[in-house]
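# Per-entry structural report
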Amino acid sequence: MQEIKKYVETHKQRFLDELFELLRFPSVSADPKYKGDVLKTADYVAQKLKDAGADNVEICPTAGYPIVYGEKIIDTALPTVLIYGHYDVQPADPLELWHTPPFEPTVRDGKIYARGACDDKGQFYMHVKAFELMMETNTLACNVKFMIEGEEEVGSANLGIFVKDNAERLKADVVLISDTSMISMEHPSIETGLRGLAYMEVEVVGPNRDLHSGVYGGAVANPATILCKMIASLHDENNHITIPAFYDKVVELTDAEKKALNSAPYDEAEYKKDLDIEEVWGEKGYSTLERTGTRPTLEVNGIWSGYIGEGAKTVLPSKANAKISMRLVPNQNSEEIAEIFTKHFESIAPKNVKVKVTPHHGGEPVVTPTDSVAYKAAEKAIEDSFGKTAIPTRGGGSIPIVALFEDVLGIKSVLFGFGLDSDALHSPNEKYDIYNYYKGIETLPLFHKYFAELSK
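Residues numbered from 1 in each chain as written. Predicted model: local features only at pLDDT ≥ 70, side-chain atom pairs only at ≥ 80, totals over all residues. Heavy atoms only, no water.

What the protein contains, in helices and strands, is 13 helices and 20 strands. Here the protein has a C-alpha radius of gyration of 23 Å; the compact-globule value for 456 residues is 23 Å, and the two agree. Principal-axis analysis of the C-alpha atoms places the extent of the protein at approximately 80 × 50 × 45 Å. Evaluated residue by residue, the protein yields a buried proportion of 53% over its 456 residues. Looking at the protein alone, contacts between residues at least 24 apart form 79% of all its contacts between residues at least 6 apart. Accessible surface, the protein: about 20600 Å² in total, of which carbon and sulfur atoms supply 50%. Of the charged side chains in the protein, 48 are positive and 69 negative, and the gap between their average positions amounts to 1 Å. (Helix = DSSP H or I, 4+ residues; strand = E, 2+ residues; numbered from the N terminus. Rg over C-alpha atoms; globule rule 2.2 N^0.38 Å. Buried < 20%, exposed > 50% of the residue type's maximum accessible area, 1.4 Å probe, protein only. Contact = heavy atoms within 4.5 Å. Areas by Shrake-Rupley, 256 points an atom, 1.4 Å probe, with all protein chains shown as cover. Lys, Arg positive; Asp, Glu negative; His and termini not counted. Charge placed at Lys NZ, Arg CZ, Asp CG, Glu CD.)

Here is the structure:
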């Protein structure tokens, strides 16, 4: 541990400078206007893997954005860790809500503010620097493979094809992912499960053109009003989702699992203060930790219609749209949920409008084992680095490729994130603590050490 700390201390400014350079690339995969920047980011990642000591570094083309691959095979008899991350980021909109430019990393109070700071550039780059550390100190204890993609924020549409076509090349004993969070640095934790996702877009169309709200209002159905009513009907008075068969395959927690989950540190007053809300909200009969980690949800991610410019325009809009995501839990299936959502949403539409439902992307929920060699290695790494026992938690987010790795490669994942839930992922003013960044670089080599030792 002292040798690790010494190396990090010696190179900490360079580690930070390199991350800042990575964060300056506006690698927004959802917006075609950033295509050149996304490709430049892939080039940068590939070069940094080479610089760190990786062999066979390649920018692998896909039908979309490329996947950066690199490896270091020191002994085929040793176990192999496949490190996954993504170099693409969410759009930075709304730009006016950022306190500093989203693609010009800024440090305030020991925190890096930039789009992608935590999700996932800051987190996957910890692995690159931890790998460099192990190479330079001659302490790499197992084989390492890197697979860093550029389409995670748009559903990883081409990753499945790449994984299936390169199953032999990607052969490993575990997938190591840092795209999740800890409770806090005072309460280090390891996520043992993720929710799945079904992402939909809906459109409600009324008259064949926008109308004068005075001339036609009251006589023609307003698509915006109809859409709002339809969306509101998707939850009942107990905030339970009303779609028929939605909960049919949901696996309820046992009493023991509930007790363990709710024993994690949680301060509701601090939770509300951080979000500036008066009360929490959710499905009746469940705690906040249960709602965010083990219960399915349905949320409106965006809604638009009519005139939203400056001043007033008395219009009855021709159509209204919304984007809706559903987080799923074991044993729900994203395609099944998308299908029953579509049927239900179409069925509740009144005859004075037309409805179109378009599925975007999805992914399956996963639960990772806590009795595996890899999980125990992560626990021991936390204990060495933090001096505390890791708390197992369930993550509320989704990483669809975790289930893909299990299905195609036959290997489990360890979700070894160093972010915080308060890091404003996907929001303006996304941040990542410099301390967390360095702590990750210090802790990850210990995982490799213990994984090699425990695998014997």
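Text resumes after the structure shown.
Let's shift gears to the sheet that holds strand β4 (residues 106-108). Strand order in the open sheet made by the three strands is β4-β5-β20, with antiparallel pairing throughout. Each having just a single partner strand, β4 and β20 (431-433) make up the two edges of the open sheet. Going across the sheet, the axis of each strand differs from the next one's by a mean of 30 degrees, ignoring polarity. Sheet contacts for helix α13 (residues 434-455): β4, β5 (111-113) and β20; angle to β20, the most-contacted strand, approximately 60 degrees. (Pairing = 2+ DSSP bridges. Axes fitted to C-alpha atoms, helices over the stretch in contact; angles between N-to-C directions.)

A few words now on the nonpolar core. Grouped together as the largest cluster of nonpolar side chains are 69 residues, with contacts concentrated most on Y87, F416, Y437 and F447. The set of elements that each furnish at least two residues to this core consists of α1 (2-23), α2 (35-52), β3 (80-86), α3 (121-136), β6 (143-149), β7 (174-177), α11 (373-386) and α13. The biggest single contributor to this core is α13, with 10 residues. (Core = buried A, V, L, I, M, F, W, Y, C linked by side-chain atoms within 4.5 Å.)

The contact between α3 and α13 brings their axes to 8 Å, and the two run at 55 degrees. In terms of their interaxial angle, α3 and α13 are classed as oblique. For α3 against α13, the interelement crossing comes out right-handed. Of the residues in α13, those in contact with G122, Y125, M126, H127, K129, A130, L133 and M134 of α3 are N436, Y437, G440, I441, L444, P445 and H448. In the contact of α3 with α13, the residues fall into nine nonpolar, five polar and one charged. (Parallel < 35°, antiparallel > 145°, perpendicular 65-115°, else oblique. Left-handed = near helix turned anticlockwise from the far one by under 90°. Nonpolar A, V, L, I, M, F, W, Y, C, P; charged D, E, K, R; others polar.)

Judged by pairing direction, the sheet is antiparallel, and its four strands sit side by side in the order β12-β14-β10-β15 without closing on themselves. Edge positions in the sheet fall to β12 (297-305) and β15 (354-363), since each of these pairs with one other strand and no more. The sheet shows a mean angle of 15 degrees between the axes of neighbouring strands, direction not considered. Relative to the sheet, helix α6 (residues 223-232) contacts β10 (196-205), β12, β14 (319-328) and β15, its axis offset from that of β14 by approximately 15 degrees.

It helps to recall that an α-helix has 3.6 residues per turn; residues three or four apart then point in one direction. Among the residues of helix α8 (residues 268-275), the N-terminal cap falls to D267, whose side-chain oxygen and the backbone nitrogen of A269 are separated by 3.0 Å. Positioned one or two residues after α8, D276 has a phi angle of 55 degrees, which is positive. (Polar contact = N/O pair within 3.5 Å; in protein donor to acceptor, adjacent residues only side chain to side chain.)

With that settled, the discussion passes to helix α12 (residues 401-409). Buried within α12 we find I401, V402, A403, L404, F405 and L409. Looking one or two residues beyond α12, the residue adopting positive phi is G410, at roughly 70 degrees.

So, on to the UniProt feature "domain: Peptidase M20 dimerisation" (unreviewed entry) in the protein. Following the UniProt record, the feature "domain: Peptidase M20 dimerisation" (unreviewed entry) maps to residues 192-351 here. The distance from the first to the last C-alpha atom of residues 192-351 is 46 Å, and the span holds 31% helix and 22% strand. (UniProt positions renumbered as here; feature names shortened; annotations may be inferred.)

What follows concerns unusual backbone geometry. Between D93 and the following residue, P94, the backbone shows a cis peptide bond with an omega angle of -5 degrees. The residue P94 is located in the loop between β3 and β4 in this model. Look at the link from D119 to D120: it is a cis peptide, with omega at 0 degrees. Inspection of the secondary structure assignment puts D120 in the loop between β5 and α3. In this structure, D276 is a non-glycine residue whose phi angle is positive, near 55 degrees. Residue position: D276 is located in the loop between α8 and α9 (288-293). For D276, a relative accessible area of 72% gives the class exposed. Despite not being glycine, N429 has its phi angle at roughly 65 degrees, a positive value. Along the chain, N429 turns up in the loop between β19 (419-420) and β20.

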